[in-house]
Amino acid sequence: MKRALAGAVNARPHELGGALAAFATAFAMFSAYAILRPIRETMGITSGLQTLPALFWGTFAGMLLVQPVYGWLTSRYRRSAFLPWVYLFFVLNILGFYAWFNLQEDHTWIARAYFIWVSVFVLFVVAVFWSLMADVFSREQAGRLFGFVAAGLSTGGLFGPFLGARLAQPIGTINLLLVSAALLTVSLGCMMLVLRWHRRHGENTAPGEDRDARLGGTALAAFKQVARSPYLALIALFVFLLTWVSTFLYLEQQAMVAEVFADRDSRTAFFNRLDFWVQAGSLTMQLFVFGRLFRWFGFRALIVSVPVLMALGFAALALFPTFAVLVAVMAVRRIGEYSITRPSRDTLYTVVTREERYKAKSLIDTFVYRGGDATSASVHALVKATFGLGLTGIAWCGAGLAALWAVVAYVLGTKHVQLNPRR
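Residues numbered from 1 in each chain as written. Predicted model: local features only at pLDDT ≥ 70, side-chain atom pairs only at ≥ 80, totals over all residues. Heavy atoms only, no water.

**Concerning a nonpolar patch on the surface**
On the surface, a cluster of nonpolar side chains totalling about 460 Å² of accessible area is made up of W85, L88, L92, L95 and L178. For the nonpolar patch, the leading source of residues is helix α4 (residues 79-103), giving four residues. Within the secondary structure, L88 is located in helix α4. (Patch = residues over 30% accessible without salt bridge, like charges linked within 9 Å, V, L, I, M, F, W, Y side chains within 5 Å. Areas by Shrake-Rupley, 256 points an atom, 1.4 Å probe, with all protein chains shown as cover. Salt bridge = Lys/Arg side-chain N within 4 Å of Asp/Glu carboxyl O. Helix = DSSP H or I, 4+ residues; strand = E, 2+ residues; numbered from the N terminus.)

Structure below.
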């Protein structure tokens, strides 16, 4: 049975325990987030579409404050100490919002703070998780297993909204925060199982190396690592362009949803439906497609595929600027990002040093990511105000950005293939 299950998930028998623990960590963590996400999207519209660029800048400022603290933790403490503290910190945050929602009747500023916090939360918990995965699994293992591990995110993305929809009326929306906190605590427990498996069976370490050693360095070492490494700088550019493509599409989606759906409940229902089908599509791709595409076409083709699809999708949206086409392009972008781009992007870090996996990767996945969000949101607003562009004009801009993103992805994929794994 063990061999059959290992074969089904593209793992070797001794890797099965680590892969299943990683899947469970991702599942519980993303279930916690998926309960929070539809509320965040509704809060963003409720706060006013004109405030969205400011909320993106607020998220960027939050990343700027949190990143040095994370860098200090990774420098000072062992991996088995600082990783649980990061997740525990966010569990306490959720409980804090639960108390705040119950103590204050006017939720206007809570909604804005909540939108920013959830945006910080999801990037940090996911970035920390994938940093651990890049540390635990070798480059060869990543090609076989990261699709299955990423399927844990999509399964959690299906389970979270399902659970939230079933519990919202019986226990109330605010009490869903307690459910999210409980799921994130379960994820923390599963993460400890991953760490234990790696101590026994890990391959991505040199002989005699302490797999749980402190990383050392300084709190701001990540900035120097990215500045000095052309490879890491290229990853940062790839992520920056990814956010520009995503944000341009996201802001157009929010504006059209506000027009199509008049009340908050119908908007939340739409976002839940969209999340469900996106996660279902992502799960199918992760379980049955990613590993095989990796073997058939290679890493470079995978990392280029979604940027190319987005260039074509934006062109289709420019030619047929309707709500249905917009939703379809958004679904393709998110499914592609979750099932192909995200695992491919995290595979990039299997060939960097252990310190870079935690520090530089976290900086790129959080600070650079939200910096791209903030700048692209402001440029989107400026372009619309200055040139009066509608959906068609913005879509052509998005097509150009996606084409540039595809070029960067090709160069980055080539560079990655040329590098030998560093243990």
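Structure's up, so let's keep going.
**A few points about empty space enclosed by the protein**
Evaluation of the coordinates by the stated rule reveals four cavities of 30 Å³ or more. Size it by volume and the largest cavity reaches roughly 520 Å³. Lining the largest cavity are 28 residues; nearest its centre among them are R37, R333, E337, Y338 and Y369. Looking at the lining of the largest cavity, the elements that each hand over two or more residues are α2 (16-46), α5 (108-136), α9 (230-260), α10 (264-288), α13 (323-347) and α14 (354-387). (1 Å grid on protein atoms, 1.4 Å probe; cavity = no way out; pocket = protein on both sides within 12 Å on 5 of 7 lines; lining within 4 Å. Points joined across faces, edges and corners; volume = space filled by probe spheres on them.)

**Some points on α9**
Spacing of three or four residues puts side chains on the same side of an α-helix, whose turn is 3.6 residues. Taking 1.5 Å of rise per residue, the 31 residues of α9 would be expected to cover 45 Å, and the 45 Å separating its terminal C-alpha atoms lies within 8% of that figure. The element α9 is extensively covered by neighbouring structure, given that 23 of its 31 residues are classed as buried. (Expected span 1.5 Å × (residues − 1). Buried < 20%, exposed > 50% of the residue type's maximum accessible area, 1.4 Å probe, protein only.)

**Observations concerning the pattern of salt bridges**
Under the definition given, this model contains seven salt bridges. Residue D346 is joined to R342 by a salt bridge in which the shortest nitrogen-to-oxygen separation is 2.8 Å. Linking D346 with R342, this pair stays in helix α13, spanning four residues, or about one helical turn. Of the two residues, D346 and R342, both sit in the buried class. Ionic contacts of the salt-bridge type, sharing partners, join the residues R342, R345, D346, K361 and D365 into one network.

**What to know about the environment of G71**
Structurally, the position occupied by G71 is in helix α3 (residues 52-76). Separated by 292 residues in the primary sequence, G71 and L363 have C-alpha atoms spaced 8.8 Å apart.

**Comments concerning the nonpolar core**
Membership of the largest hydrophobic core comes to 128 residues, with the highest contact counts inside it found for Y87 and M133. Residue contributions to this core peak at 19 residues, all from α5. Each residue touching Y87, except ones within four places of it in the same chain, is listed here: M29, V125, V128, F129, L184, S187, L188 and M191. Listed in part, the six residues of the second largest apolar core include A19, F23, F148 and L158. (Core = buried A, V, L, I, M, F, W, Y, C linked by side-chain atoms within 4.5 Å. Contact = heavy atoms within 4.5 Å.)

**Quick look at the side chain of D346**
On the basis of relative accessible area, D346 is assigned to the buried category, the value being 0%. Of the polar contacts made by the side chain of D346, one reaches the side chain of R342; its length is 2.8 Å. In terms of polar contacts, D346 uses its side chain to reach the side chain of K361, at 2.8 Å. If near-sequence neighbours (up to four positions away) are discounted, D346 is found in contact with W130, A134, F146, K361 and D365. (Polar contact = N/O pair within 3.5 Å; in protein donor to acceptor, adjacent residues only side chain to side chain.)

**A closer look at the packing of α13 against α14**
Where α13 contacts α14, the axes come no closer than 12 Å and their chain directions differ by 135°. As summarised for this structure, α13 and α14 are arranged oblique, according to the angle between their axes. Here E337, R342, R345 and D346 of α13 come into contact with α14, specifically with K361, D365 and Y369. In the contact of α13 with α14, the residues fall into one nonpolar, no polar and six charged. (Axes fitted to C-alpha atoms, helices over the stretch in contact; angles between N-to-C directions. Parallel < 35°, antiparallel > 145°, perpendicular 65-115°, else oblique. Nonpolar A, V, L, I, M, F, W, Y, C, P; charged D, E, K, R; others polar.)

**What about the side chain of T247?**
Within the secondary structure, T247 is located in helix α9. Overall, the relative accessible area of 3% leaves T247 in the buried class. Residues within four places of T247 in sequence aside, it is in contact with F56, D373, S376 and A377.

Take it as geometry only, folks, not as evidence of what the structure does.
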